[in-house]
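Summary of structural features
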Amino acid sequence: MQIILGITGGIAAYKAADLARLLTHQGHRVRCVLTEAGARFITPLTLTSLTGEPCYGANPDQGEWRANPSVEHIELARWADLVAVVPATANIIGKAANGLASDLLSTLLLATRAQVLWAPAMNTGMWEHPAVQANLARLRSFGHAVVDPGEGVLACGEEGSGKLADVLSIAEAIRAQGTPKLSSLSGRRVIITAGPTREDLDPVRTLTNRSTGAMGIELARAFRDVGARVQLVLGGDLPSPWGVETLRVRSAQQMLEACEARWAGCDGLVAAAAVADQRPEVPSAQKIKKGEGTESLHLVRTPDILAQLSASRRTDQWVVGFAAESENHLDHAMAKLRNKRLDAVLVNDVQGGQAFGAQANTLTPITAQGPHPPIGPLPKDQLALAVVRWWSQRLENRLT
Ligand SMILES: Cc1cc2nc3c(=O)[nH]c(=O)nc-3n(C[C@H](O)[C@H](O)[C@H](O)COP(=O)(O)O)c2cc1C
């Protein structure tokens, strides 16, 4: 993407340098535009060094301007796929909400047809002021995205809301805002299960598996990016992604209950979690000591989450499962598709430790028509987007 990063006059302006570096590393072209107040907090030299692109000042005599300063605001407005204002002061928010154009950044914000994203940062009193909130509501009504600030100790010494959202979350929001939406998934509610489940033997020991949850989390990000409203039911310890409602669970039973509570309100389910098939029949309340009883475990079956949700689905709901197989993948996956009445199964070959924790992976989709061409090998984030696009195409063709 070609991104304009507008940097305005707040203490958090130094964090914009980190964001510029991160976005550049992610492969985006980033051009920074400083307001006059912004340039008192951070220099153009820092930003040009990090981005390898020119940096622009508030007025033609500031920053590094190119050939024709008189139409620079229009050129930049056209150049951008997305304009992100980080940090955004109360002042620029007020100006943009009311169509004022008094310097380069406010003028290009008015001229651009690109997506616009705001990451406000200010003192708590300013943040909570009805004028600022009304201005932000107006910007949202224009279709702009807002990454709300978090809470914490602010530069002014006060503790409360108004602290710039963390840079990684802002980069996630930029990714989500900049991804084209897919009509078959936009606004749709999707449950995604991800990660391992853990079945406790006693307070210190647990039965689990080698899944990290990385693939399911990438799927949650990809569905979010194309416009779906994702509810992630997550086992394991990985952090939940920005912009995704996440419910953390431990056991298969908890995962089932979390999904069942949400299923009626959802359009689809992607079951990417590696759910334990068995659990200890009676978990011990105290740590089991050496030499107590036999050295064998008595296990019982855990609920089959995918089968239960699929059995209780309405005709307008769709279900996609995952199969991690170490042999006869396609036969096992086809049997799973039929037995559980799924719309598709994505097959992982886990032979020799592939898939779990790996950076790149391949998935073979199977539907009632049989196997489809494999997707990958690709890094998991790109693989997830490719899977979502494949699935959206099938939804558009009504699963035929
Ligand atoms: C040290 C200092 C820190 C400031 N921090 C903020 C801030 O975090 N958020 C904010 O909205 N304004 C802050 N201001 C006020 C803005 O700099 C001021 O409103 C300025 O006119 C904003 O101009 P701009 O929006 O064109 O960058 C701060 C001012 C100073 C002197």
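These remarks concern the structure in this document. Because the structure is a prediction, the values reported are computed rather than measured. (Residues numbered from 1 in each chain as written. Predicted model: local features only at pLDDT ≥ 70, side-chain atom pairs only at ≥ 80, totals over all residues. Heavy atoms only, no water.)

Here's the deal with the site of the ligand
Around the ligand lies a shell of 14 residues, among which Gly9, Thr35, Thr89, Ala90 and Ala121 are the nearest. In this structure, Ala90 approaches the ligand through a main-chain N or O atom, which is 2.8 Å from an oxygen atom. Interatomic distance of 2.9 Å between a backbone N/O atom of Ala121 and a nitrogen atom of the ligand. For the ligand, whose unbound accessible area comes to 640 Å², protein coverage reaches 62%. In terms of residues, the shell around the ligand owes the most to one element, helix H4 (residues 90-97), which gives three residues. (Near = heavy atom within 4 Å. Polar contact = N/O pair within 3.5 Å; in protein donor to acceptor, adjacent residues only side chain to side chain. Areas by Shrake-Rupley, 256 points an atom, 1.4 Å probe, with all protein chains shown as cover. Helix = DSSP H or I, 4+ residues; strand = E, 2+ residues; numbered from the N terminus.)

Quick look at the side chain of Ser251
Examined against the element boundaries, Ser251 turns out to sit in the loop between strand S13 (245-248) and helix H10 (252-263). Ignoring anything within four residues of it in the chain, the contact list for Ser251 reads Thr197, Arg198 and Glu199. (Contact = heavy atoms within 4.5 Å.)

Description of the pattern of salt bridges
Any two side chains of opposite charge can pair, given that their charged atoms come close. Under the definition given, this model contains 17 salt bridges. Of the charged contacts in the structure, one is a salt bridge between Lys95 and Asp103, with a shortest N-O distance of 4.0 Å. What makes Lys95 buried here is its relative accessible area of 14%. The buried category is assigned to Asp103, whose relative accessible area is 13%. Linking Arg314 and Asp316 is a salt bridge whose minimum nitrogen-to-oxygen distance equals 2.9 Å. (Salt bridge = Lys/Arg side-chain N within 4 Å of Asp/Glu carboxyl O. Buried < 20%, exposed > 50% of the residue type's maximum accessible area, 1.4 Å probe, protein only.)

Details of unusual backbone geometry
Put simply, Val86 and Pro87 share a cis peptide bond, and its omega is -10 degrees. Position of Pro87 relative to the elements: it lies in strand S4 (residues 82-88). That bond from Gly376 to Pro377 is cis: its omega, 5 degrees, falls within 30 degrees of zero. Within the element layout of this structure, Pro377 appears in strand S21 (residues 375-379). Residue Arg341 is not a glycine yet carries a positive backbone phi of 55 degrees.

Comments concerning the packing of H4 against helix H5 (residues 104-111)
Put simply, H4 and H5 touch, their axes get as near as 10 Å, and they point 35 degrees apart. In terms of crossing hand, the pair formed by H4 and H5 is right-handed. Across the interface between the two elements, Ile92, Lys95 and Ala96 from H4 touch Leu105, Ser106 and Leu109 from H5. Each residue belonging to the contact of H4 with H5 can be placed in one class, and the counts come to four nonpolar, one polar and one charged. (Axes fitted to C-alpha atoms, helices over the stretch in contact; angles between N-to-C directions. Left-handed = near helix turned anticlockwise from the far one by under 90°. Nonpolar A, V, L, I, M, F, W, Y, C, P; charged D, E, K, R; others polar.)

With respect to empty space enclosed by the protein
Any space left empty among the atoms is revealed by the rolling of a water-sized probe across them. Taken as a whole and assessed by the stated rule, the structure comprises one cavity of 30 Å³ or more. Put simply, the largest cavity is a space of about 50 Å³. Leu219, Phe223, Val270, Trp318, Val320, Leu346, Val387, Trp390 and Trp391 together form the lining of the largest cavity. Put simply, the parts of the chain that give the lining of the largest cavity at least two residues each are helix H9 (214-225), strand S17 (318-325) and helix H13 (380-396). In terms of residue count, the dominant contributor to the lining of the largest cavity is H13 (three residues). For the lining of the largest cavity, the residue count by class is nine nonpolar, no polar and no charged. (1 Å grid on protein atoms, 1.4 Å probe; cavity = no way out; pocket = protein on both sides within 12 Å on 5 of 7 lines; lining within 4 Å. Points joined across faces, edges and corners; volume = space filled by probe spheres on them.)

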